[in-house]
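# Fold and contact review
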Amino acid sequence: MNTAVATSVFGVFMVGTVALGLLAVRGRGGQGGLTEWSVGGRSLGPVFIWVLMAGEGYTSFSYLGAAGWGYNYGAPVLYVVAYMSCGYAVGYVVGPLLWDYARRHGLVSVSDMVAHRFGRPWLGAGVAVLATVFLLPYIQLQITGMGVVVSTISYGAISLNWAYFIGFAVTTGFVVVSGLRGSAWVSVLKDVLVIGTLAFLAVYVPLHYFDGYGDFLDQVVSEKRDWLTLPGHGGSPYGEAWFATTSFLNALTVVVFPTTVAGYLGARNADALRRNAIWLPAYNVLLFVPMLLGLAALFVVPGLTGAGSNLALFKLVVDSLPAWAVGVIGVAAALSSIVPMAVFMLVIGTMWGSSVLSLLPRWRSPARQKLASQGVVVAAGALALVLTYATPNTLVRLSLISYEGMAQLVPMLLLGLVWRRLSLAGALSGLVVGVAVVCGLVFTDRDPVFGVNAGIVALGVNLAVALVVSYAGPADRDPRPDAEVLARDPVDDEDDDAGDAGGGDVSGAVPAASGR
């Protein structure tokens with residue numbers, strides 16, 4: 001009976017989610033082509049940008065992984081709050097720059113921006129392939145998270161392997177049909193459920209199991225003292241140096257993460273991005289709830305190890321709540337997987353459609369690019385599903401691998417868009433060396449390096465090589481003016497649709513692409 005009730009609630013909400021995605025693109029998806037599908041026709045207002053970017057920050061990694069790492073280690077998991085808050089501050093400056101650059105030149109992805117900056121389409125294709133490699137662990141993370149949710153709320157009736165497949169199938173179908181606009185609409189439903197369920201659990205769990213926060217925290221201090229200080233429980237390698245370097249690296253990287261950039265590019269204007277950067281840190285307060293629940297699970301469901309720690313939060317839920325409540329909380333956690341996973345898959349499809357397959361003459365039409373992008377979405381999701389079966393891992397570990405690899409794009413993209421002297425040879429050399437260093441460290445289990453995040457070590461080497469090669473070699477002979485190559489801060493002219501060079505063409509192209 002419990003299985004039937006919980007899974008019925010879950011199934012109804014999943015059908016409603018797909019229907020909401022279809023409603024969001026009604027009358028738009030068939031006409032808008034790749035721009036409408038991938039960046040919502042660049043027409044999303046402040047509310048949709050808010051919930052979409054909040055959804056990017058609040059995934060199954062946050063819902064389940066934060067509880068799992070709180071359960072395993074304790075204090076080191078607080079880096080999530082630190083880097084996301086700092087990342088929004090960086091995004092206040094960087095977001096409008098990227099939005100304006102993409103809008104002026106009709107670009108829809110990070111790979112497009114790199115290709116335009118250096119005037120080399122093949123470079124955009126290479127960046128798309130590289131970004132895909134480092135995004136796949138994040139898709140795997142979301143599949144793992146949703147699989148844990150589906151299996152747990154079914155009270156074990158659905159195995160993890162089948163639950164992983166259900167997560168893949170639902171999300172792939174959703175993103176192929178609805179695109180970025182559908183993800184933004186579903187983010188509204190997701191945020192309502194996440195805020196409501198976490199607020200409830202923050203009150204319910206301490207009262208139900210410990211007679212309140214006083215007794216709960218007293219028990220943590222007296223029995224689990226190691227969890228409250230860095231480096232956390234069990235002599236983990238995640239001490240003060242790791243915490244500081246990881247927070248810094250992720251705060252810098254999150255603003256160039258292809259999914260974050262997709263949110264930037266979907267905005268109607270730059271001011272919406274600035275307002276969101278101011279208010280989004282408040283959303284991080286919610287992250288303390290799963291961290292605390294992970295500590296609570298230490299006393300209620302001891303003995304979880306490895307990837308099993310991802311179950312910490314839901315073990316509490318299933319142990320004490322009626323089936324219908326388990327179903328509702330399961331929906332909130334599942335949507336925390338579906339929305340970000342949809343955007344990750346969407347971004348991969350967009351990069352391949354606009355930067356890789358567009359190099360082939362037969363795939364250059366807007367309709368074919370969109371079709372190709374949708375095909376890549378299915379392929380990327382299927383590959384991530386295979387990786388989920390073959391190499392399961394804890395959710396936080398998968399997140400760290402993605403960020404460490406994606407950080408190597410920072411010099412090529414951010415430095416390249418504001419500094420003309422950065423040469424193609426310098427940017428490419430730095431990227432290759434940085435990726436080689438981070439892969440060598442991560443896959444030989446040398447992360448952290450002497451207590452420091454391996455990604456920031458690789459980024460330092462990357463930047464040094466890029467600067468040395470750029471200064472030592474000849475300057476690139478790109479005849480285009482700075483206004484065409486470099487980004488600018490659209491503070492004074494963000495509402496001017498056609499006043500700058502190239503602006504007329506782009507502002508004319510966008511309405512046609514969005515079907516308006």
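For the structure given in this document, a descriptive report is provided here. Going along each chain's sequence as written, the residues are numbered from 1 onward. A pLDDT threshold of at least 70 governs which residues receive local features in this predicted model, and a stricter bar of 80 or more applies before side-chain atom pairs are shown or counted, although totals over entire chains, interfaces and linings include all residues. Where side-chain values are given, they derive from all heavy atoms of the structure, hydrogens and water being excluded.

### Digging into the overall build of the protein chain
A tally of helices and strands in the protein chain yields 22 helices and 0 strands. Think of it in three bands: with a 1.4 Å probe and only protein chains considered, a residue is buried below 20% of the maximum accessible area for its type, exposed above 50%, and partly exposed in between. Split into buried and exposed, the 516 residues of the protein chain put 59% on the buried side. Surface accessibility of the protein chain: about 18,700 Å² in total, with carbon and sulfur atoms responsible for 67%. The helix count covers DSSP runs of H or I at least four residues long, the strand count covers runs of E at least two residues long, and both are numbered beginning at the N terminus. Here the open area of atoms and residues is found with the Shrake-Rupley method and a 1.4 Å probe, where only the protein chains shown may cover a residue.

### Regarding the pattern of salt bridges
Between side chains of opposite charge, a pair can form when the charged atoms approach closely. A pairing counts as a salt bridge when a side-chain nitrogen of Lys or Arg comes within 4 Å of a carboxyl oxygen of Asp or Glu. Tallied over the full model, the rule gives 7 salt bridges. Residue Asp-271 is joined to Arg-275 by a salt bridge in which the shortest nitrogen-to-oxygen separation is 2.2 Å. Of this pair, Asp-271 and Arg-275 both sit in helix H12 (residues 270-279), 4 residues apart, roughly one helical turn. The structure contains a network of salt bridges with shared partners spanning Asp-100, Arg-104 and Arg-488.

### As for unusual backbone geometry
Cis peptide bonds are those with omega within 30 degrees of zero, and the linkage from Leu-230 to Pro-231 qualifies with 10 degrees. Tracing the sequence through the fold places Pro-231 in the loop between helix H9 (213-223) and helix H10 (240-253). We note that Tyr-155 has phi near 55 degrees; this positive angle belongs to a residue other than glycine. With respect to the helices and strands, the residue Tyr-155 is situated in the loop between helix H7 (121-153) and helix H8 (160-210). Classification of Tyr-155 by relative accessible area gives partly exposed; the value is 28%.

### Thoughts on the packing of H7 against helix H15 (residues 323-356)
Working convention: axes come from line fits to C-alpha atoms, limited for helices to the stretch in contact. Angles between N-to-C directions cover 0 to 180 degrees. Axis separation between H7 and H15 bottoms out at 8 Å; the angle between their running directions is 165 degrees. In terms of their interaxial angle, H7 and H15 are classed as roughly antiparallel. Taken as a pair, H7 and H15 cross one another with a handedness that is left-handed. Charged means Asp, Glu, Lys or Arg here, nonpolar means Ala, Val, Leu, Ile, Met, Phe, Trp, Tyr, Cys or Pro, and polar covers whatever is left, Gly included. Looking at side-chain class alone, the contact of H7 with H15 contains 25 nonpolar, 8 polar and no charged residues. Each angle receives one of four descriptions, namely roughly parallel if under 35 degrees, roughly antiparallel if over 145, roughly perpendicular if within 65 to 115, and oblique otherwise. By definition, any crossing whose near helix is turned counterclockwise from its far helix by less than a right angle is left-handed, and any crossing with a clockwise turn is right-handed.

### Notes on the nonpolar core
Throughout, nonpolar core names a set of buried Ala, Val, Leu, Ile, Met, Phe, Trp, Tyr and Cys residues whose side chains join them through atoms within 4.5 Å. Formed by 142 residues in total, the largest nonpolar core has its most connected members in Phe-10, Tyr-63, Met-113, Ile-139 and Phe-314. It is H15 that contributes the most residues to this core, 20 residues altogether. In contact with Ile-139, not counting residues within four places along its chain, are Met-341, Phe-344, Met-345, Ile-348 and Ala-384. The contact definition used throughout considers only heavy atoms, calling two residues in contact when any of these lie within 4.5 Å.

### Here's the deal with helix H6 (residues 110-118)
Of all 9 residues in H6, 9 are buried, a share of seventy percent or more. When H6 is considered as a whole, its buried residues turn out to be Val-110, Ser-111, Asp-112, Met-113, Val-114, Ala-115, His-116, Arg-117 and Phe-118. Once H6 finishes, Gly-119 follows within two positions and takes phi at roughly 65 degrees, a positive value.

### Some points on the packing of aromatic side chains
The aromatic pairing rule takes the rings of Phe, Tyr and Trp, using the six-membered ring of Trp, and pairs them if the centres are within 6.5 Å, calling planes under 30 degrees apart stacked, those over 60 edge-to-face and the rest tilted. Counting across every chain of the model gives 23 aromatic pairs. When the ring of Tyr-138 is compared with that of Phe-344, the centres are 4.7 Å apart and the planes differ by 10 degrees; the resulting orientation is stacked. Remark: Phe-344 occurs in helix H15 and Tyr-138 occurs in helix H7; sequence separation between them is 206 residues. Here Tyr-138 falls in the buried class, since its relative accessible area comes to 3%. Through a chain of ring-to-ring contacts, three or more aromatic side chains come together here, namely Trp-69, Tyr-73, Tyr-79, Tyr-83, Tyr-138, Tyr-238, Trp-242, Phe-257, Phe-344 and Tyr-403. Criterion for a charge above a ring: Arg CZ or Lys NZ at most 6 Å from the ring centre, at most 35 degrees from the ring normal. Sitting above the plane of the Phe-118 ring, Arg-117 keeps its charged end 4.5 Å from the centroid.

### Remarks on the environment of Val-133
By the secondary structure assignment, Val-133 is in helix H7. Classification of Val-133 as partly exposed rests on a relative accessible area of 48%. Along the primary structure Val-133 and Ala-380 are separated by 247 residues, whereas in three dimensions their C-alpha atoms are 9.7 Å apart.

### A closer look at the environment of Leu-467
Mapped onto the elements, Leu-467 comes out in helix H20 (residues 454-472). On the basis of relative accessibility, which here comes to 30%, the residue Leu-467 falls in the partly exposed class. The sequence separation of Leu-467 and Gly-430 amounts to 37 residues, and the corresponding C-alpha distance is 8.2 Å.

### What to know about the side chain of Ser-423
Here Ser-423 lies in the loop between helix H18 (410-418) and helix H19 (424-442). Polar contacts involving the side chain of Ser-423 include one to the main-chain amide nitrogen of Gly-426, which spans 3.0 Å. Within 3.5 Å is the distance limit for a polar contact, defined as a pair of N or O atoms, with the added protein rule that one can donate a hydrogen and the other accept it, and that residues adjacent in sequence qualify only through two side-chain atoms.

### Notes on a nonpolar patch on the surface
Here, patches come from residues exposed beyond 30% relative accessible area and free of salt bridges, joined within 9 Å for like charges and within 5 Å for nonpolar side chains (Val, Leu, Ile, Met, Phe, Trp, Tyr). Residues Tyr-92, Val-93, Ile-278 and Trp-279 make up a contiguous nonpolar surface patch of roughly 450 Å² in combined accessible area. Among the secondary structure elements, those contributing two or more residues to the nonpolar patch are helix H5 (79-105) and H12. Note that Trp-279 resides in helix H12. Assessed through its relative accessible area of 58%, Trp-279 is described here as exposed.

### Here's the deal with the environment of Leu-371
Following the sequence through the fold, Leu-371 ends up in helix H16 (residues 366-390). Counting along the chain gives 18 residues from Leu-371 to Gly-353, while the straight-line C-alpha distance between them is 8.1 Å.

### Brief notes about the side chain of Asn-250
Checked against the element boundaries, Asn-250 lands in helix H10. In this structure Asn-250 comes out as buried when scored by relative accessible area, which is 1%. In this structure Asn-250 touches Tyr-79, Tyr-83 and Tyr-403, once residues within four positions along its chain are discounted.

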